[in-house]
Amino acid sequence: MGRISLQHIYKIYPGATEPAVKDFTLEIHDKEFVVFVGPSGCGKSTTLRMIAGLEEISKGDLYIDDRKVNKVEPKDRDIAMVFQNYALYPYMTVFQNMSFGLRLRKVPKKEIEQKVLKAAKILGIEEYLDRKPKALSGGQRQRVALGRAIVREPKVFLLDEPLSNLDAKMRAQMRTEIIKLHNELQTTFVYVTHDQTEAMTMGTRIVVMKDGVIQQVDTPDNLYDYPTNKFVAGFIGTPQMNFIDVTLIKENENTYATFGKNKVKLDEETVKRIKISDYNNHQFVLGIRPEDIYLEDEKATRENGLVEAKVKVLEKLGNEILVYTNCSGKDGELVFRSKPRTNIYEDDVISLRFDTKQIHLFDFNTEETILTR
């Protein structure tokens, strides 16, 4: 079993004014693939290192299965950690690197050979067992680091930004390999990354962190569709969600979001999801993703609910165009996705329609969502 329970965990460094990790509480289930994601300095790697025993827990309790491990040495926690820099011994062969931990534990030679060969086969590195790390590519070295963890057959794998040193193509390939590895090994994986694409494609659940505090724990789909606050909404998704300061007004049983010269009627289902009853003439933050904004042929007016925008930059990606525009009442740029062969040019004045079923609304002060799921 590889259950992990973190109960009100804090990490407080001497002389620091704020804890690096604050009141971190999470239950990680056996065989789950959980990803910690957030900007640099948010406490995700520190939390992983506390699970590994490489950082002391300042306050709170940590259990692996039903065993409290706050004071247990890393080697006795039945975990294996894969680091960002691979941490391979340059003077050892791949076989020697992968078998090093087993040899320290005096595992029989025959058993070592079986375990290394099995792990090498899973990772597709059998032909490299006699080579030294300097003769391998970055992706191959990462496979060796994974193999060294696999041969230990731990309850829990901890991976700290293992793909950050690889190029984009190799990162995409290794993401797939690690997902396959998790499915084959059926072991608990806890993975740290600052890359939300890695988090969304790999995790069964994602823990979004900011300033040492958990912001939301959820499935990739729920994080994307039902962010609990503005930070999560903006962090998940590329390009990020558009945010517009709006005033909500009720008119003739309809609700409108107004900003600048624009007046957008909200979908009835969205209005029903608003948690607070007294929102009329109050200011909120409207969020809408680039894929939920559409180009229209007709001229934008307040009456038809279209938004007039001026094209500033076209980012042509082959399969699509990201269009950056300016519009009345919106600080900064409004971004939307367009088909690759749309005839749009810089400085064009265009009309846009919001898919108001996909709109998000956040409290102007607390930045928490005001919509139910």
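The model shown is predicted, which means the values in this text are computed figures rather than measured ones.

Colleague: Can you explain the overall build of the chain? Please cite residues and give values.
Modeller: The helix and strand tally for the chain stands at 9 helices and 20 strands. Counting only C-alpha atoms and orienting by the principal axes, one finds that the chain spans roughly 80 × 45 × 35 Å. Here the chain, with 373 residues, has 49% of them falling under the buried criterion. Taking the intrachain contacts of the chain between residues at least 6 apart in sequence as the baseline, contacts between residues at least 24 apart amount to 66%. When the accessible surface of the chain is summed, it comes to about 18,500 Å², and 46% of that surface belongs to carbon and sulfur atoms. Side-chain charges of the chain comprise 55 positive and 55 negative groups, with the mean position of each set lying 7 Å from the other.

Colleague: Residues and numbers for the pairing of strand S8 (residues 188–193), please.
Modeller: Among the 6 residues of S8, 6 are classified as buried, and the element is accordingly described as predominantly covered. The alternating pattern of S8 places Thr188, Val190 and Val192 and Phe189, Tyr191 and Thr193 on opposite faces, both of which are buried. Here strand S7 (residues 156–160) runs beside S8; their pairing, made up of 5 bridges, is parallel. Within S8, the residue paired with Phe157 across the bridge is Phe189.

Colleague: An account of the pairing of strand S18 (residues 334–338) is needed here, citing residue identities and associated values.
Modeller: Most of S18 is tucked away, with 4 of its 5 residues classed as buried. With 5 bridges connecting them, strand S17 (residues 321–327) and S18 associate as antiparallel partners. Its bridge partner lying in S18, Thr325 is registered against Leu334.

Colleague: Explain the packing of helix H2 (residues 94–104) against helix H4 (residues 138–150) to me, using residue names and the numbers behind them.
Modeller: If you want to describe how two helices pack, look at the angle between their axes and the distance between the axes. Relative orientation of the contacting elements H2 and H4 amounts to 30°, with a least axis distance of 7 Å. With respect to H4, the element H2 is oriented roughly parallel. The two elements H2 and H4 cross, and the hand of that crossing is right-handed. Here Val94, Asn97 and Met98 of H2 lie close against H4, whose contacting residues are Val144, Gly147 and Arg148. Considering only residue class, the contact of H2 with H4 consists of 3 nonpolar, 2 polar and 1 charged.

Colleague: Lay out the pattern of salt bridges with the relevant residues and their values.
Modeller: Inspection of the entire model under this criterion finds 19 salt bridges. The partner of Lys68 in a salt bridge is Asp61, and the shortest N-O contact between them spans 2.9 Å. Given the relative accessible area of 44%, Lys68 is considered partly exposed. Looking at Asp61, the relative accessible area reads 23%, which means it is partly exposed. Salt bridges sharing partners connect three or more residues here, namely Lys11, Arg49 and Glu55.

Colleague: Go over the packing of aromatic side chains, please, and point to the residues and values.
Modeller: On inspection of all chains with the given rule, the structure shows 9 aromatic pairs. Taking the centre distance of 6.4 Å and the plane angle of 10° together, the rings of Phe259 and Phe354 count as stacked. Taken as a pair, Phe259 in strand S12 (residues 254–259) and Phe354 in strand S19 (residues 349–354) lie far apart in primary sequence, 95 residues in all. Comparing Phe259 with Phe354 shows no difference in burial state: the two are buried. Taken together through their ring pairs, the aromatic side chains of Phe33, Phe157, Phe189 and Tyr191 make up a single cluster. Seen from the ring of Tyr10, Lys59 lies directly overhead, with NZ or CZ sitting 4.4 Å from the centre. One residue, Lys263, lies across the ring of Tyr256, its end atom 4.6 Å from the ring centre.

Reading the values: the criteria
Residues numbered from 1 in each chain as written. Predicted model: local features only at pLDDT ≥ 70, side-chain atom pairs only at ≥ 80, totals over all residues. Heavy atoms only, no water. Helix = DSSP H or I, 4+ residues; strand = E, 2+ residues; numbered from the N terminus. Buried < 20%, exposed > 50% of the residue type's maximum accessible area, 1.4 Å probe, protein only. Contact = heavy atoms within 4.5 Å. Areas by Shrake-Rupley, 256 points an atom, 1.4 Å probe, with all protein chains shown as cover. Lys, Arg positive; Asp, Glu negative; His and termini not counted. Charge placed at Lys NZ, Arg CZ, Asp CG, Glu CD. Pairing = 2+ DSSP bridges. Axes fitted to C-alpha atoms, helices over the stretch in contact; angles between N-to-C directions. Parallel < 35°, antiparallel > 145°, perpendicular 65-115°, else oblique. Left-handed = near helix turned anticlockwise from the far one by under 90°. Nonpolar A, V, L, I, M, F, W, Y, C, P; charged D, E, K, R; others polar. Salt bridge = Lys/Arg side-chain N within 4 Å of Asp/Glu carboxyl O. Phe/Tyr/Trp six-rings, centres within 6.5 Å; stacked < 30°, edge-to-face > 60°. Lys NZ or Arg CZ within 6 Å of the ring centre and 35° of its normal.

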